[in-house]
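Summary of structural features
What follows is each chain in one-letter form.
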Amino acid sequence: MKILERLARWPRFLAKKRADPGSLYDMRGEGAMQSGGEVPVVNMGYWPGIETHEPEAIERAVYALFDRVAEGARIEAGMHVLDAGCGFGTNGLHLLQKHGAGKVTGLNVSAVQLETAARRTNAAGLDDRVEWVLGDVTKMPVADASVDRVVSVEAAFHFDTRDLFFAEAIRVLRPGGVLSMVDLVAPPPRHALDRASLASICRSQAMPMANVYDRAEYVQRVRAAGFEIEEDESIVDRVFPHFRRWQLTRHPSLLLAYDWVFAIASVPYLIYPWDYIRLVARKPFLS
């Protein structure tokens, strides 16, 4: 893409009345986060035991994050798993190939990412076990009580709103089904710098202001949707510092290829006092 075309994307995006994640990720395409590897990356990863300077470090960290979510879901052979905000389909394919899922339905609002997911699924010979759906996770085109597990990897902060997603997740899960997820948590701003950063984040990262609350309130909202909380923890120290370090230490050729307009817009994202939640919740069995 020519440099002027790349630069012109951002004014068009920021001029939109509503900064929606579908437009954001369609605009960024497969270069959503330069990694140097073959796997398109849109998550920050889970870094224990991984050095940021190692070859393919971000891919290893991203798969480690997928594994933490899958372990929380306790997927059994043949289960139907719904991946909410499925990105490029990398996690969905991983659930099939490593964790024994029988079928995956991936929901996403980015047509570009779903096109990539379809190509990768076809190359893996898994078309008969995957359904990629262009759709809003707050209005899932999925029948009641029809899936065994719902997973979501670092996507729900985009959902407008998370509360609607939690209500849909419990609707589509079978009784006893599990929601397993990791997500960015934006606590309320503490001072003027935080407020300015948050305003920029909500615009450039397509995050609704309605999703700004701390981890304790996050858990309360999941419980209010009808879930029984089984696990919740902050893993911010195993995600953010390492991701920031990886961004600074990766190969210079990747930095040259990076979308610098997006990089500048992301500065508030990297300095905001985020939390990062890992949560497992269960839909109660019918009494």
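Everything below is about the structure shown above.
The structure reproduced in this document is the subject of the present report. (Residues numbered from 1 in each chain as written. Predicted model: local features only at pLDDT ≥ 70, side-chain atom pairs only at ≥ 80, totals over all residues. Heavy atoms only, no water.)

Within this model, the largest pocket holds a volume of roughly 460 Å³. In terms of lining residues, the largest pocket is bounded by 34 residues, among which G85, N108, A155, H158 and F159 are the most central. Listed by contribution, the elements that provide at least two residues to the lining of the largest pocket are helix 2 (21-28), helix 3 (57-73), helix 4 (90-97) and strand 2 (103-108). The element that contributes the greatest number of residues to the lining of the largest pocket is helix 2, accounting for three residues. Considered class by class, the residues forming the lining of the largest pocket number 15 nonpolar, 13 polar and six charged. (1 Å grid on protein atoms, 1.4 Å probe; cavity = no way out; pocket = protein on both sides within 12 Å on 5 of 7 lines; lining within 4 Å. Points joined across faces, edges and corners; volume = space filled by probe spheres on them. Helix = DSSP H or I, 4+ residues; strand = E, 2+ residues; numbered from the N terminus. Nonpolar A, V, L, I, M, F, W, Y, C, P; charged D, E, K, R; others polar.)

Within strand 1 (residues 80-84), five of the five residues are buried, which leaves the element mostly enclosed by the surrounding structure. Taking every second residue as pointing to the same face, both faces of strand 1 are buried, with H80, L82 and A84 on one and V81 and D83 on the other. Two strands pair when backbone bridges link them, and strand 1 and strand 2 are joined in this way by five bridges, in the parallel orientation. Its bridge partner lying in strand 2, A84 is registered against L107. Remark: the strand 1/helix 4/strand 2 crossover connection has right-handed handedness. Two elements, strand 1 and strand 4 (residues 147-153), share three bridges in a ladder whose sense is parallel. Along strand 4, the bridge assignment pairs V81 with R149. (Buried < 20%, exposed > 50% of the residue type's maximum accessible area, 1.4 Å probe, protein only. Pairing = 2+ DSSP bridges. Right-handed = clockwise from strand over helix to strand, strands pointing away.)

Examined against the element boundaries, N91 turns out to sit in helix 4. Look past the residues within four positions of N91 in its chain and what remains in contact with it is F66, D83, V151 and V153. (Contact = heavy atoms within 4.5 Å.)

Working note: a packed helix pair is described by the angle between its axes plus the distance between those axes. Between helix 3 and helix 4, whose axes approach to 10 Å, the crossing angle comes to 60°. Taken together, the axes of helix 3 and helix 4 lie oblique to each other. Classified by chirality, the crossing of helix 4 by helix 3 is right-handed. Every residue of helix 4 that contacts helix 3 at Y63, F66, D67 and A70 is listed here: T90, N91, H94 and L95. Counted by class, the contact of helix 3 with helix 4 contains four nonpolar, three polar and one charged residues. (Axes fitted to C-alpha atoms, helices over the stretch in contact; angles between N-to-C directions. Parallel < 35°, antiparallel > 145°, perpendicular 65-115°, else oblique. Left-handed = near helix turned anticlockwise from the far one by under 90°.)

Moving on to the pattern of salt bridges. Under the criterion given, the structure shown has 20 salt bridges. Two residues, D194 and R190, come together in a salt bridge whose shortest N-O distance is 2.7 Å. You can call D194 buried: its relative accessible area is 3%. According to the relative accessible area criterion, R190 is exposed, its value standing at 57%. Taken together, the shared-partner salt bridges connect R68, E71, R74, E230, E231, E233, D237, R238, R278 and R282 into one network. (Salt bridge = Lys/Arg side-chain N within 4 Å of Asp/Glu carboxyl O.)

Counting residues in hydrophobic clusters, the biggest one holds 49 residues, and the most contacted among them are M207, W274 and Y276. Of all the secondary structure elements, the ones that give two or more residues to this core are helix 3, helix 4, helix 5 (111-123), strand 3 (130-134), strand 4, strand 5 (173-185), helix 7 (192-204) and helix 9 (240-249). The element that contributes the greatest number of residues to this core is helix 3, accounting for 10 residues. Excluding residues that lie within four positions of it along the chain, M207 makes contacts with F157, A186, L198, I201, C202, V212 and W274. By size, the runner-up hydrophobic cluster in this structure holds 29 residues, among which are A156, M181, V222 and F227. (Core = buried A, V, L, I, M, F, W, Y, C linked by side-chain atoms within 4.5 Å.)

Time to look at helix 4. Across the eight residues of helix 4, seven count as buried, placing the element largely inside the fold. Residues of helix 4 that are buried: T90, N91, G92, L93, H94, L95 and L96. Looking at the buried positions of helix 4, the neighbouring elements they touch are helix 3, strand 1, strand 2, helix 5, strand 3 and strand 4.

Now for helix 8 (residues 215-224). Those residues of helix 8 that sit buried are Y218, V219 and V222. Looking down the long axis of helix 8, one finds its buried residues gathered within 95° of arc, a one-sided arrangement. Facing away from the buried side of helix 8 by over 90 degrees, the exposed positions are Q220 and A224. Of the surrounding secondary structure, the elements contacted by the buried residues of helix 8 are helix 6 (162-172), strand 5, strand 6 (228-234) and strand 7 (275-282). Sitting at the head of helix 8, D214 places a side-chain oxygen 3.3 Å from the backbone nitrogen of A216. Looking at the residues trailing helix 8, positive phi occurs at G226, about 115°. (Arc of directions from axis to C-beta. Polar contact = N/O pair within 3.5 Å; in protein donor to acceptor, adjacent residues only side chain to side chain.)

The next thing to look at is the packing of aromatic side chains. In this description, a pair of aromatic rings is defined by centroid distance and the angle of the planes. All told, the structure shown has 10 aromatic pairs when counted by the stated rule. A network of ring pairs unites the aromatic residues F159, F165, F166, Y213 and Y218 as a single cluster. Its end group placed over the ring of Y213, R221 keeps NZ or CZ at 4.1 Å from the ring centre. (Phe/Tyr/Trp six-rings, centres within 6.5 Å; stacked < 30°, edge-to-face > 60°. Lys NZ or Arg CZ within 6 Å of the ring centre and 35° of its normal.)

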